Protein chains: 2
Amino acid sequence: MTTHGSVPLPVVDAWWRAANYLSVGQIYLLDNALLREPLTPADIKPRLLGHWGTTPALNLVWAHLNKLIVERSSNVVYIAGPGHGGPGVVANAWLDGTYSELFHHVPRDGEGMQKLFRQFSFPGGIPSHAAPETPGSINEGGELGYSLVHAYGAVLDNPSLITACVIGDGEAETATLATSWHLNKFLNPVSDGAVLPILNLNGYKIANPTILARIPESELTALFTGYGYSPRIVSGGFDGEDPMLVHERFQAALAEAFDDIEAIQRAARVDGVTERPAWPMIVLRTPKGWTGPKVVDGLPVENTWRAHQVPLSNVRDNPEHLAQLEEWLRGYRPEELFDDQGRPVEFLDGDQPVGDLRMSANPNANGGLLLRSLSLPPLAPHAVDVSRGRGAVVEPTRILGRWLRDLISENPDNFRIFGPDEVASNRLDDVYDVTNKAWQGSTLPTDEHLAHEGRVIEMLSENLAQGLLEGYLLTGRHGLFTSYEAFIHIIDSMFNQYAKWLESSAHVEWRRPVSSFTYLLSSHVWRQDHNGFSHQDPGFLDHVVNKKASVVRVYLPPDANTLLVTAEHCLASRDYVNVIVAGKQPTATLLSLDEARAHGARGVSVWEWAGTEKPGEEPDVVVACAGDIPTVEAMAAVQIVKREIPDLSVRFINVVDLMRLQDSTEHPHGLAADDFDALFTRDKPVIFAFHGYPSLVHRLTYRRTNHSNIHVRGFKEMGTTTTPFDMLMLNDLDRFRIVMDIVHRVPRLRVSYAGLSQRMDDERYAHRAYTREHGEDAPDVVGSAGLPFADPSSQPGGVDDTGDDNAR
Amino acid sequence: MTTHGSVPLPVVDAWWRAANYLSVGQIYLLDNALLREPLTPADIKPRLLGHWGTTPALNLVWAHLNKLIVERSSNVVYIAGPGHGGPGVVANAWLDGTYSELFHHVPRDGEGMQKLFRQFSFPGGIPSHAAPETPGSINEGGELGYSLVHAYGAVLDNPSLITACVIGDGEAETATLATSWHLNKFLNPVSDGAVLPILNLNGYKIANPTILARIPESELTALFTGYGYSPRIVSGGFDGEDPMLVHERFQAALAEAFDDIEAIQRAARVDGVTERPAWPMIVLRTPKGWTGPKVVDGLPVENTWRAHQVPLSNVRDNPEHLAQLEEWLRGYRPEELFDDQGRPVEFLDGDQPVGDLRMSANPNANGGLLLRSLSLPPLAPHAVDVSRGRGAVVEPTRILGRWLRDLISENPDNFRIFGPDEVASNRLDDVYDVTNKAWQGSTLPTDEHLAHEGRVIEMLSENLAQGLLEGYLLTGRHGLFTSYEAFIHIIDSMFNQYAKWLESSAHVEWRRPVSSFTYLLSSHVWRQDHNGFSHQDPGFLDHVVNKKASVVRVYLPPDANTLLVTAEHCLASRDYVNVIVAGKQPTATLLSLDEARAHGARGVSVWEWAGTEKPGEEPDVVVACAGDIPTVEAMAAVQIVKREIPDLSVRFINVVDLMRLQDSTEHPHGLAADDFDALFTRDKPVIFAFHGYPSLVHRLTYRRTNHSNIHVRGFKEMGTTTTPFDMLMLNDLDRFRIVMDIVHRVPRLRVSYAGLSQRMDDERYAHRAYTREHGEDAPDVVGSAGLPFADPSSQPGGVDDTGDDNAR
């Protein structure tokens, strides 16, 4: 333990009072910030917004951490689980000077304080929560539950960092938080930093007591011991207890926790101890709204749920409330804390962290400052060779896994893969040639690829995979989240919040770009025939496109080579959420690497080789597709058409970058109107075979000239346990149905080719009957059958694994 | 404890072997079900699908529960958390006879066994998981994490019921499961039944060990003690241990747990003990894939992750695997278990539960059998009086809360409200006049409305509110889930799974209709200006409409009276998911109760009194709206138009039942094409003010004649902490912008009323400036200002509470 002299507790107390004063001021005051005059109704904001209840504890923890940081030069990021206590976090950032450095218009003096107060939750001002606009913050406190997983994500591969994570007892009831405690099983004390959870039991959520505040202390201790921690319980501030006594107890607990962390890290790093340690955690029991009004209008407020938001309402019109507010504010003795100019007094300043050690200024909380670009290995060694003809059958995600293996080798300390136990199932397991799954628990001889250090973290919780990667990215690193497509909806709301974080960050000048969040969704709707209906849902794409076009990107690579190109592009990008949907089942490789690069760059291309159009003439019909399986069906349909209607001119279009479908005025990747019309024609029927729900294509092409002529086939919520081709037939996305659509939509074919349409329908019946008799698909619709390639077995490359392996 | 003679353990073992045999048979066998001939490749299914790993433990627990049910006549519902072990659950249902009773084509004999095997995971057959098609099941095992919360939901107000809930150690890592353990804090031993969690530590998930299987037993015990349980750990079956020894240990633990439950209930019900009890739970540690192949191709399988799905692959083509399969099957000694006709032998039958006590046949798992319709109290006493004129300002959800209060009084034991601590925030707190919040923890004098019995359950987890209501509904009761609109996305995936459950159930003849799942979403996007961007998201509606039209209903009541009518309709319905979005902030009442009834019945109506059209003439423009706030803005816009363009004929349409917008061929509530055209015209511009993302209206009206002339304003992802009217301006949904839209879209106005458009734009600037200066909205855009009513203060009814109360 390094010491730099001890900070006296009265300084800690002074900081705490100052932060509390500034917090209350933000909630209430429009004017008279320093209270140099008696408070009048005109000094009060017209709308009183904000969350006081959690704020004094947030400030308390901050003040005490400052002391330890000064004494030990500790590298600490502060995570406010109850980030809705925004005034507190902002107050501390202003006190330590960061706020004024980043926002010059809010100086660290009386004038600045005035502005600080006014802007809070004010139109044109700042949000009421710890938000992207808040220095030092990487956790929004609006949707509760993600503080602890963010804290763990932040310290991975960050051996000197401690995240001090304040968790509210309301938040502790959420699902994600409840399982986040188990993340200590993945933390490597050698190469990762430390998380110090500080569970603040203030007893109440919005309108109810909290569970953890009302269980016996024995259960509380057992629970956190059971979660694998070494808990310390500090309680204080009740019944008017002198805060100085609480300061003593809490500081002791905090210092001991820091000692424990140092000891654990020393044991692992120096002494080679490999047993999973019991990391410290603190339970801090304080009154909700501590130091606020005890009783308002005859009802108890401090230490009840009534302290949750604004303890004194209607202050402009209620003289008694106004008087209570003034008494409350003056109780912090602002005259001792701020000088004549409204600057924090010198004794406060002298004993506080400076520079990057200030928690508001810690560069880990503005991770783009620390971002090192990934070294991207060449794709070529992994590209599937199609030089002797298209069609080599491979598992696309397995090909990607080989490139990811190289990527991990070249970026051993700032790239990770997170997943809910689906990395191998999604065929990325070649990465285990060069890395392992992080695991600090006990191991058995039969275990494979488990080690203290590993680039892969797998826990059966999509929420944790999401939250870990968020924390990892926001602290300046790179990563990938791979999941089954259907279950990614589990993190819909976390995606929302992260997308909103990125949307807001774009307007915060001092936030540096971070690496994009990239999803690789596999085991998708068209290949979950074995797991059935519960596993069949392609709706995440619909969810994603509700967020601002500036942050969302959606890719549906049709084959392995395009997947490689797409992944490379996504992992090099910044400040986006990228969604890649790609199959893991064997499928034909359609493009060479060079073609895939060109296709990826364009996002949407005509594949002349897959269509039948004559150069220089408008086609009779456009067959478009997006997604690997729809692409195969669309191609197979064109083969039938070629044979049956030899004079029909079919343009074949594949879409890999879905947002190209939108207009360029709506999405940065959108095609300009003329370009879209040139591709999709202004008036020819377009049959669109789509991976997801058809309405999404309609939505994206809504403004297009030819919109009313775009006919989409996709998933229409028909599913069960059956065969792959039966799934396509159930949803009218099979090749036969696409041929029927072509006949139906091209006016000149409707009558003359009614017979073909009938034959196609007969084919469907026959295939369904075959499937029900044999329990598998007829050979003529399996894999590359029906595609314009030679026998795939004659192709280079070939399938790696076609066993019965349909994991999970 | 009631005893009916003891069932010998060899009978339990025989049942277990029989269930295991039937499970393996389902995964592998197409023919030769009774193994009366040597196994040949032709007997094997072409595609080997299913999950073996978890199945033997599922069967073990079932067999042992049967013994206790026989001995004690216990009323037990079995919940298979690892419901992907579908073959096990199906096997037990066939063994106990339920399967054949419900599916006559699968008799309980050799022929039936053959069909049972063939149909599993076979095209046209049954799903691979415990699904709606599975007798006795109320929990799908595809998306893991919801077993325990379903178990708790099922036993609420079900004092005789025990749910035996098997939880996989993979599932135990999920977020929802991790917080579900805390539900024991809400279970009233007097009026609720009991949940017996049986955590099966088989050690592995898909490809990894599980966390809970690899922590020391001391931590395991501490964890569940901390969660408030009394844990018992049973371990066995490892290293070839004789199953009979395991049977003894497990049966003892199970019997003790049942004894504990009886003792706890007796203490509470007879002796009046009120302390929260430590309910029993069991940790059952068994090898994954126990009794399956130990080694395959030289690699260990039993007791490793390799046993997860199909331990022996490619059996048709691999003679060694075929031989292993035959040995495995014969190891269960089927000749002792099934007679010459393939019926379970008599000694098995004699000692098993009969009738409704069979877990497959327990009526609680087919809740519609037990469903009692709600007694719906009259709405009239709560209707807002508009007899002296429209416009009375009320908080709509508060009005609803008063009706819910009556509803609870009239239905004291089969209706509940679930929420994540937002019941009071959403203004439903009048229900506390007649009920309380269920709470078994300690209480303080300052607490309000906490009691052992209460119709409201609030825990800060949307997942738990969702799961509890699912369990409650599926066992034949009624309820309501109220949440903030933005955070309902947390349960997107649970909604998916529940909607899929309903979609599938519709095709299962013997499943009786259950009460609908009704969401009341309040604190919605347009009134979260104080909480900011994280709280602003109306996208749940988009998510919901991806599911089948047969199960989803969406309502946007514009005022309090329409909300009453809508809620009454939803709570009386069956087998739907209803989503109601309604405001909690004071807003004008627009319709009388009778008008609201008529409006609700129609779902969409022309409001002549709010428009300016001349009878018998087509209007110049249609102003349509859906949602309370958009309705106010649309009406205010029409008032401006009336003043400024007196000769413009405006039709005013309000949509309360959103699915009316879809075509009648697409949704049962859809308007027929002609009816839609009659309302929205075939060619006049429609300006649509919408609550949610505009694309949803486009999506629903996609096939309408006048589609290209429908112009939608709604939320476009612009949000922050600001004022209500500023939120509308940010998203171009304010009255001034709607007027500008009208001018822009009606060709004859474009030039002649360019000045009006400019003035409207000036108004917007002026209002933004006002807001930024004053921190609140200008009086002329607050509440009913601008609506065609007299001064609202002169209205009957009036506001209940307009303080600064913007909870959370």
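Here the residue numbering is sequential within each chain, running from 1 through the sequence in written order. Just so you know, chain letters begin at A and ligand numbers begin at 1, following the order they were written in. Thresholds applied to this predicted model are a pLDDT of at least 70 for local features of residues and 80 or more for the giving and counting of side-chain atom pairs; totals over whole chains, interfaces and linings are not thresholded and use all residues. Hydrogens are left out, water is left out, and the side-chain values use all remaining heavy atoms of the structure.

### Looking at the pairing of strand β3 (residues 194-201) of chain A
All names here are of chain A.
Part 1 of the reasoning: For every residue, the accessible area (1.4 Å probe, protein chains only) is compared with the maximum for its type, and the residue is labelled buried under 20%, exposed over 50%, or partly exposed between those bounds. The secondary structure listing takes helices from DSSP runs of H or I that are at least 4 residues long and strands from runs of E that are at least 2 residues long, numbered from the N terminus. Counting buried positions along β3 yields eight of eight residues, so the element is predominantly enclosed.
Part 2 of the reasoning: Here β3 shows a buried face lined by Ala-194, Leu-196, Ile-198 and Asn-200 and a second buried face lined by Val-195, Pro-197, Leu-199 and Leu-201.
Part 3 of the reasoning: We call two strands paired when DSSP finds no fewer than two bridges between them. Bridge count between strand β2 (residues 161-168) and β3: seven bridges; the pairing is parallel. Looking at β3, one finds that Thr-163 is bridged to Val-195.
Part 4 of the reasoning: Handedness of a crossover is defined as follows: with both strands directed away from the viewer, a clockwise route from the first strand across the helix to the second makes it right-handed. Where the polypeptide runs from β2 across helix α7 (residues 175-180) and back to β3, its parallel neighbour, the crossover connection is right-handed.
Part 5 of the reasoning: As defined by bridge partners, β3 adjoins strand β5 (residues 279-285) across four bridges and the pair is classed as parallel. When the sheet's bridge partners are listed, Asn-200 is paired in β5 with Leu-284.

### With respect to the nonpolar core
Generally speaking, a soluble globular protein has its nonpolar side chains buried in company with each other.
Part 1 of the reasoning: As used in this record, nonpolar core signifies buried Ala, Val, Leu, Ile, Met, Phe, Trp, Tyr and Cys residues forming a set joined through side-chain atoms within 4.5 Å. Counting residues in each nonpolar core, the largest one holds 372 residues, and the members touching the most others are A:Phe680 and B:Phe680.
Part 2 of the reasoning: Note on contacts: a residue pair qualifies if any of its non-hydrogen atoms lie within 4.5 Å across the two residues. In this structure B:Phe680 touches B:Val604, B:Val622, B:Ala624, B:Ile653, B:Val655, B:Leu661, B:Val686, B:Phe688 and B:Asn706, once residues within four positions along its chain are discounted.

### Structural notes on the packing of aromatic side chains
Part 1 of the reasoning: Whether two aromatic rings pair depends on their centres lying within 6.5 Å, for rings of Phe, Tyr and Trp, where Trp uses its six-membered ring; planes under 30 degrees apart make the pair stacked, over 60 edge-to-face, and the rest tilted. The full count for this structure, using the stated rule, is 63 aromatic pairs over all chains.
Part 2 of the reasoning: Judged by centre distance (4.3 Å) and plane angle (15°), the rings of A:Phe676 and A:Phe680 are stacked. With A:Phe676 and A:Phe680 both in helix α20 (residues 673-680) and four residues apart, the pair spans about one turn of that helix.
Part 3 of the reasoning: For the ring pair B:Trp181 and B:Tyr227, a centre distance of 6.0 Å and an interplane angle of 35° mean the geometry is tilted. Placement of B:Trp181 in the loop between α7 (175-180) and β3 (194-201) and of B:Tyr227 in the loop between α8 (217-226) and β4 (229-235) is noted, with a sequence separation of 46 residues between them. In terms of burial, B:Trp181 and B:Tyr227 fall into one category: buried.
Part 4 of the reasoning: Here a set of aromatic residues connected by ring pairs shows up, and it is made of A:Trp181, A:Phe224, A:Tyr227, A:Tyr229, B:Trp181, B:Phe224, B:Tyr227 and B:Tyr229.
Part 5 of the reasoning: We note A:Arg553 situated over the ring of A:Tyr576; from NZ or CZ to the ring centre the distance is 4.0 Å. Any Lys NZ or Arg CZ found within 6 Å of a ring centre and within 35 degrees of that ring's normal is scored as a charge over the ring.

### Remarks on the packing of helix α2 (residues 55-72) of chain A against helix α9 (residues 243-269) of chain A
How two helices pack is summed up by the angle between their axes together with the distance between the axes.
Residue and element names in this part refer to chain A.
Part 1 of the reasoning: The N-to-C vectors of α2 and α9 enclose an angle of 50°; their axes lie 10 Å apart at closest approach. The pairing of α2 with α9 is recorded here as oblique in orientation. Every pair of crossing elements has a handedness; the one defined by α2 and α9 is right-handed. Contact residues: Leu-60, Val-61, His-64, Leu-65, Lys-67, Leu-68 and Arg-72 in α2; His-247, Phe-250, Gln-251, Leu-254, Ala-255, Phe-258, Asp-259 and Glu-262 in α9.
Part 2 of the reasoning: For this scheme, ten residues count as nonpolar: Ala, Val, Leu, Ile, Met, Phe, Trp, Tyr, Cys and Pro. Four count as charged, namely Asp, Glu, Lys and Arg, and the remainder, Gly too, count as polar. Of the residues belonging to the contact of α2 with α9, the class tally is eight nonpolar, three polar and four charged. Axes here mean lines fitted to C-alpha atoms, for a helix over just the part in contact, with angles spanning 0 to 180 degrees between N-to-C directions. Any angle from 65 to 115 degrees is called roughly perpendicular, while one under 35 is roughly parallel, one over 145 is roughly antiparallel, and all others are oblique. Note on convention: the crossing is left-handed when the near helix lies turned anticlockwise from the far helix by less than a right angle, right-handed when the turn is clockwise.

### As for the interface of chain B and chain A
Part 1 of the reasoning: Tallying the contact residues gives 125 residues for chain B and 125 residues for chain A.
Part 2 of the reasoning: Both faces considered, chain B and chain A share a buried interface measuring about 10100 Å² in area, 54% of it formed by carbon and sulfur atoms.
Part 3 of the reasoning: Salt bridges are defined by distance alone: a side-chain nitrogen of Lys or Arg within 4 Å of a carboxyl oxygen of Asp or Glu. Taken together, chain B and chain A are joined by 14 salt bridges.
Part 4 of the reasoning: Put simply, B:Arg276 and A:Glu219 hold a salt bridge, and the shortest N to O gap is 2.9 Å.
Part 5 of the reasoning: Whenever two N or O atoms come within 3.5 Å, that pair is a polar contact, provided that in protein one can donate a hydrogen and the other can accept it, and provided that, for residues adjacent in sequence, both atoms are side-chain atoms. There are 65 residue pairs in polar contact (both at pLDDT 80 or more) connecting chain B and chain A.
Part 6 of the reasoning: Sorting the residues of the side of chain B that touches chain A by element identifies α7, α8, α15 (492-505), α16 (540-544), α21 (694-700) and α25 (754-774) of chain B as the ones contributing at least two each. Two parts placed together each lose some accessible area under a 1.4 Å probe, and the buried area is that loss summed for both.

### A look at the sheet that holds strand β22 (residues 710-713) of chain A
All names here are of chain A.
Part 1 of the reasoning: Spatial ordering of the open sheet is given by β18-β20-β19-β21-β22, a layout of five strands whose pairing is mixed. Where the open sheet ends on each side, the last strands, each with one partner, are β18 (604-606) and β22. Each strand of the sheet is rotated relative to its neighbour by a mean of 20°, with strand direction disregarded.
Part 2 of the reasoning: As defined by bridge partners, β18 adjoins strand β20 (residues 650-655) across three bridges and the pair is classed as antiparallel.

### A closer look at helix α25 (residues 754-774) of chain A
Residues and elements named next belong to chain A.
Part 1 of the reasoning: An expected span of 1.5 Å times one less than the residue number is assigned to each helix. Given a rise of 1.5 Å per residue, 21 residues ought to cover 30 Å, and the 30 Å separating the end C-alpha atoms of α25 matches this to within 8%.
Part 2 of the reasoning: Residues of α25 that are buried: Leu-756, Ser-757, Met-760, Arg-764, His-767 and Thr-771. Buried residues along α25 cover an arc of 105° about the axis, so they all sit on one side. Seen from the buried face of α25, the exposed residues on the opposite side, beyond 90 degrees, are Tyr-765 and Glu-773.
Part 3 of the reasoning: In this fold, the buried residues of α25 make contact with α19 (628-644), α22 (724-730) and α23 (735-745). Starting at the helix axis, one direction is taken to each C-beta atom, and the arc is that of these directions.

### Focus on the pairing of β2(A)
Part 1 of the reasoning: Of all eight residues in β2(A), eight are buried; the element is thus mostly enclosed.
Part 2 of the reasoning: On β2(A), burial covers both faces: A:Leu161, A:Thr163, A:Cys165 and A:Ile167 on one face and A:Ile162, A:Ala164, A:Val166 and A:Gly168 on the other are all buried.

### Things to note about the relation of the copies chain B and chain A
Part 1 of the reasoning: Taken as rigid bodies, chain B and chain A are interconverted by a rotation of 180° and an axial shift of 0.0 Å, the fit giving an RMSD of 0.0 Å. Here the two chains are linked by the operation of a two-fold rotation axis. Only residues with pLDDT of at least 70 in both copies count here: their C-alpha atoms drive the least-squares fit that superposes the copies.

### So, the domain arrangement of chain A
Residue and element names in this part refer to chain A.
Part 1 of the reasoning: Boundaries of every domain are those given by an automatic assignment or by a domain database. Examined at the domain level, chain A breaks down into domain 1 (9-362), domain 2 (380-384 + 393-587) and domain 3 (605-774).
Part 2 of the reasoning: Its C-alpha centre places domain 2 at a distance of 29 Å from the equivalent point of domain 3.
Part 3 of the reasoning: Listed per partner, the contact involves 32 residues of domain 2 and 38 residues of domain 3.
Part 4 of the reasoning: Summing both sides of the interface, domain 2 and domain 3 together bury roughly 2800 Å²; the carbon and sulfur share of this comes to 65%.
Part 5 of the reasoning: Linking domain 2 with domain 3 are zero salt bridges.
Part 6 of the reasoning: Connecting domain 2 to domain 3 are 13 residue pairs in polar contact (both at pLDDT 80 or more).
Part 7 of the reasoning: Of all the secondary structure elements, the ones that give two or more residues to the side of domain 2 that touches domain 3 are α16 (540-544), β15 (552-555) and α17 (560-572).
Part 8 of the reasoning: Broken down by element, the residue count for the side of domain 2 that touches domain 3 peaks at four residues, all from β15.

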